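Below, each chain spelled out in residue letters.
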Amino acid sequence: MSKDLSATPEIPKEDGRPKWDNKFQYILSCIGFAVGLGNVWRFPYLCQIHGGGAFLIPYFIALFFEGIPLLHLELALGQCLRKGSIGAWNTVSPYLGGVGVGSWVVSILVSLYYNTVLTWVMWYLINSFQEPLPWSVCPLNANRTGFNKECYESTAVNYFWYRKTLNITPDIAESGTLQWWLILCLATCWAIVYLCTIRGIETTGKAIYVTAIFPYLVLTIFLIQGLTLPGATDGLAYLFTPNLNTLKNPRVWLDAATQIFFSLSLAFGGLIAFSSYNLPKNDCEKDAVTVAIVNSMTSLYASIPVFSVLGFKATTAYWDCLDRNIMSIINEFDLPEESIMRQNYTSWISFLNSSHPEKIAGLKLKSCDLQEFLDQSVSGTGLAFIVFTQAIILMPGSQAWAILFFIMLFSLGLSSMFGNIEGVFTPLLELQIVSKSTPKELLSGIICLISFLIALCFTLGSGSYWIDIFDRYAGSVPLLVIAFFEVIGVVYVYKIKRFSKDVKWMTGRKLNLYWQITWRFISPLLLLIVFMAFVALQMLRPPSYTAWNPKYEGFPMKEEKVYPPWVQAICVLLAALPCTCVPLVALFHLIKQKRRSKDTSLVSAEVFSCQGANSNFPHPKE
């Protein structure tokens, strides 16, 4: 590293910046941020629809060539610069300041809707203390002469989710009214986030011991219980039996790459913020590998109890189907009870089909196939609030399992929220617009209050439609663009040789060929391919959504609708807003530089040096 630096950026002294209490707290925070709701409700779904165990092949390839390298780059950058995302990229080059601003904008947008998902979880958790569970039975109609029509035509679980929780409108253009129960839960969730982030890592570092560790305890309890349920082995066999033919489908590889990317929470700025509170002399390479592997192993570990329970649900539904058919046959042919059992049902059907085909045809028996019930794949909120809640009803002691399940989801989401808020909080502390004398408690309170007020729109009847839009557009394409510029910025603007020396100074060892090749070529190329494929798939068909409409002729199937033009414009805006920060900030600095001088190089003469910036820390002997 050159030692003739004319200037170095100001870095807080060793005792002037908050630090993690210990290494374990830092690793837990990174794991808590990375391991979120997607590990429980998206990864198992992708395994299910993409060939079971075969999906693990592209998944681990993406982890090796995309996930781990990008995670190491962010942790090393934050630790080296000891600044949040905006300050870090401004230090590397003012022209790359837009990368940090883009991350900051994404963190804000994602925090708004992510905490609303926690609001739903809290509502279900509160209702889990009722006996019987409120989503287990349909309510009576207004005349109390029968069941509610909407509930009767669908299911009690669907009715509780769409009507009692969301009170959803049949169209995104119909806003509906604010739901007071969701407003109260939303306020409570933001209050909890505020209390946990009131002083940045000084408070989140304490809360993370509970929010990051507790989900593993609950998953283990569910694992033990799940494996004892009938049909659990069918669910696990369905999940992990490899179908290698699916690897010929490009969509499988795209889903594997995007799942790794989003699961590790890359490009949000939260990981840069977390690592900035480390001392410079820390093995960030080992940290990156540890966090990435724990995150992926958690996805696999979570899949086992999830599909044990889903296998149990499918088996129960299959048995119910057989029992209804058996009862119809016994009544029609006046057979003695228990003459037809589940075990001999197939032989009886074959016999009766050959001897009394007209009678059997007249019964209109349902087709009972276990495989069809296992094929009913669903992810996201559909898995958590519909399929899994339906399965919990069937489990002995359903109330206790519901409470455990929703506490686990809340803990998973809360620890991810810490990273999102840190991605917003840390850059604000370091920007000139916020006075250093401003108390952290006040700044954190203002962030949470403003976020709560904006997020009120998600408690409207159409709120869930807008959360889908935010998730699909604000939390996807921008992250790919930002990550691409992160790699390009470090490798080709700051220069890989200089960064390699910085990492060697921090870790005490030279970067091996794996990091050099992935950072220079493989990771940026993969990001570019994933981005282009992602955009191409979005453009194949007009943006659409599925609406819950009791008046739809195909009800209880959801009605597919195309977004109106004004909503499509908002979708484009959400995807473009963080991305445009990169060129706009670069253009601003270019114009500013041109006014001052003719020098327009991306890295100024006052090149940043990790060793120079952290000169108050002990250096290794040369």
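Since the structure is predicted, the reported quantities are computational estimates derived from the model, not experimental observations. Residue numbers restart at each chain and count upward from 1, following the sequence in its written direction. Local features in this predicted model are restricted to residues whose pLDDT is 70 or higher, and side-chain atom pairs enter the listing and the counts only when it is 80 or higher, whereas totals over whole chains, interfaces and linings include all residues. Think of the side-chain values as coming from all heavy atoms in the structure, minus any hydrogens and water.

**Some remarks on the side chain of T119**
Our working definition: To qualify as a helix, a DSSP run of H or I must reach at least 4 residues; to qualify as a strand, a run of E must reach at least 2; elements of each kind are numbered from the N terminus. Partly exposed describes any residue whose relative accessible area lies between the buried limit of under 20% and the exposed limit of over 50%, with all areas from a 1.4 Å probe on protein chains only and scaled to the type maximum. Note on definitions: a residue-residue contact is assigned when non-hydrogen atoms from the two residues lie within 4.5 Å.
If you trace the backbone, T119 turns up in helix α6 (residues 97-127). Judged by relative accessible area, which is 1%, T119 ranks as buried. Not counting residues up to four positions away in its chain, the partners in contact with T119 are L182, C185, L186 and C189.

**Things to note about the state of the cysteines**
Put plainly, a disulfide is one covalent bond tying together the sulfur atoms of two cysteines. The test is simple: Any pair of cysteine sulfurs within 2.5 Å is marked as a disulfide.
For the structure on display, the rule yields two disulfides. Paired through a disulfide, C138 and C151 show a sulfur-sulfur distance of 1.9 Å. The S-S bond linking C138 to C151 shows a torsion near -85°; that makes this disulfide left-handed. Note that C138 is positioned in the loop between α6 and α7 (149-153) and C151 in helix α7, a separation of 13 residues in sequence. You can call C151 buried: its relative accessible area is 1%. One disulfide bridge connects C321 with C368, the sulfur atoms lying 1.9 Å from each other. Torsion about the S-S bond of the C321 and C368 cystine: about -80°, corresponding to left-handed handedness. Placement of the pair is C321 in helix α14 (residues 284-333) and C368 in the loop between α16 (357-363) and α17 (370-374), with a sequence separation of 47 residues. Take C189: it sits in no disulfide, and the sulfur closest to it among the cysteines is that of C185, at 6.6 Å.

**Overview of the UniProt feature "binding site: Na(+)" (unreviewed entry) in the chain**
Using the following cut-off: UniProt positions are given in the numbering used here, feature names are shortened, and annotations may be inferred rather than shown by experiment.
As annotated in UniProt, the feature "binding site: Na(+)" (unreviewed entry) corresponds to G32, A34, V35, N39, S263, N295, L412 and S416 in the numbering used here. Considering the C-alpha atoms alone, the annotated residues occupy 385 residues of sequence yet fold into one spot, their largest mutual distance being 12.4 Å. Position of A34 relative to the elements: it lies in helix α1 (residues 23-34). Take A34: its relative accessible area is 4%, and that puts it in the buried class. With near-sequence residues (within four places) excluded, A34 lies in contact with N39, S263, L264, S265, V291 and N295. With respect to the secondary-structure elements, V35 resides in the loop between α1 and α2 (37-41). On the basis of relative accessible area, V35 is assigned to the buried category, the value being 4%. Ignoring any residue separated from it by four or fewer positions in sequence, one finds V35 in contact with Y216, N295, T298, L412, S415 and S416.

**Some words on the pattern of salt bridges**
What counts, and what does not: One speaks of a salt bridge when a side-chain nitrogen belonging to Lys or Arg is within 4 Å of a carboxyl oxygen belonging to Asp or Glu.
Within the structure shown, the criterion is met by eleven salt bridges. One salt bridge in this structure joins E202 and R199, with 3.2 Å as the shortest N-O distance. Judged by relative accessible area, R199 falls into the partly exposed class, the value being 31%. For D323, the salt bridge identified is with R342, shortest N-O distance 2.9 Å. With a gap of 19 residues between them, D323 in helix α14 and R342 in the loop between α14 and α15 (345-355) connect regions that are remote in the sequence.

**Considerations on unusual backbone geometry**
A cis amide bond links E131 to the next residue, P132, at an omega of 0°. By the element assignment, P132 lies in the loop between α6 and α7. Look at R82: it is not a glycine, yet its phi comes out positive at around 55°. Considering the arrangement of structural elements, one finds R82 in the loop between α4 (56-81) and α5 (85-92). We classify R82 as buried; its relative accessible area is 0%. Although it is not a glycine, S265 sits at a positive phi angle of roughly 60°.

**Observations regarding helix α23 (residues 496-507)**
For clarity, the threshold we go by: To estimate the expected span of a helix, count its residues, drop one, and scale the result by 1.5 Å.
In this model α23 runs 16 Å from its N-terminal to its C-terminal C-alpha over twelve residues, within 8% of the 16 Å that 1.5 Å per residue would give. Every buried residue belonging to α23 is among I496, F499, S500, D502, V503, W505, M506 and T507, and all of these are buried. Just beyond α23, the residue with positive phi is G508, at close to 90°.

**Some words on α1**
Worth spelling out the cut-off: Any pair of nitrogen or oxygen atoms within 3.5 Å is treated as a polar contact; in protein, a donor-acceptor pairing is required on top of that, and neighbouring residues in sequence qualify only through side-chain atoms on both sides.
Between its terminal C-alpha atoms α1 stretches 17 Å, which fits the 16 Å expected from twelve residues at 1.5 Å a residue. Judged by how many residues are buried, α1 sits mostly within the fold: ten of twelve residues are covered. Here α1 has its buried residues at Q25, Y26, I27, L28, S29, C30, I31, G32, F33 and A34. Taking the backbone nitrogen of F24 as reference, a side-chain oxygen 3.2 Å away marks N22 as the first, capping residue of α1.

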